[in-house]
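# Architecture at a glance
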Amino acid sequence: RTNRKDANQETARAAILALTAWQTADPLPDLLAVAKGDTNVTRQILALRGVVRLLSVTSDRSTDQTVALLSEAWPLAQQPAEKRTILALLPIYATPGALRMAEAAVNDPAVTAEAKAAAENIRLLGIR
């Protein structure tokens, strides 16, 4: 975990990849910190992908807590692929907050179709 801040670029990258492969959600705060604040774009992207992956790992988080973390990750997602991955998770954690997130994402031209699909899938689960 401490190596994610290592001055050596390769060591820091390797640490982020190791945290991403974790079997539990324990490194989420570490990866979120990198995704939010690392000056290296590649490490930011790797960390964000790790955040999204670890959010799908079984944990004792509530559905609302998971949606809150997805909401926190959303503005960090700069690439359509990352946005699509987040949108794909929303129906799994179907809450009014997830629906609001999907509906807001409809305005993003890069993922409009995926956002509409996520919102519709959430509505099909009875969430309004």
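Computed from a predicted structure; not experimentally measured.

## A look at the overall build of the protein
- Helices and strands together make up the secondary structure of the protein, namely seven helices and zero strands.
- Start at the N end of the protein and walk to the C end: the helices and strands fall as α-α-α-α-α-α-α.
- A compact globule built from 128 residues would reach a C-alpha radius of gyration of about 14 Å, and the protein, at 15 Å, matches this within 12%.
- The principal-axis extents of the C-alpha atoms in the protein amount to approximately 50 × 35 × 15 Å.
- Scored against the burial criterion, the 128 residues of the protein give a buried share of 42%.

## Brief notes about helix 2 (residues 28–37)
- The complete set of buried residues in helix 2 reads Leu28, Asp30, Leu31, Leu32, Val34 and Ala35.
- Those residues of helix 2 hidden inside the fold are in contact with helix 1 (9–20), helix 3 (41–55) and helix 4 (63–73).

## Description of the packing of helix 3 against helix 4
- Orientation of helix 3 relative to helix 4, taken along the N-to-C sense of each, is 165 degrees, at an axis distance of 11 Å. Accordingly, the angle class assigned to the pair helix 3 and helix 4 is roughly antiparallel. Taken as a pair, helix 3 and helix 4 cross one another with a handedness that is left-handed. From helix 3, Leu48, Val51 and Leu55 reach across to helix 4, where they touch Thr66, Leu69, Leu70 and Ala73.
- Of the residues assigned to the contact of helix 3 with helix 4, the class counts are six nonpolar, one polar and no charged.

Basis of the calculations
Residues numbered from 1 in each chain as written. Predicted model: local features only at pLDDT ≥ 70, side-chain atom pairs only at ≥ 80, totals over all residues. Heavy atoms only, no water. Helix = DSSP H or I, 4+ residues; strand = E, 2+ residues; numbered from the N terminus. Rg over C-alpha atoms; globule rule 2.2 N^0.38 Å. Buried < 20%, exposed > 50% of the residue type's maximum accessible area, 1.4 Å probe, protein only. Contact = heavy atoms within 4.5 Å. Axes fitted to C-alpha atoms, helices over the stretch in contact; angles between N-to-C directions. Parallel < 35°, antiparallel > 145°, perpendicular 65-115°, else oblique. Left-handed = near helix turned anticlockwise from the far one by under 90°. Nonpolar A, V, L, I, M, F, W, Y, C, P; charged D, E, K, R; others polar.

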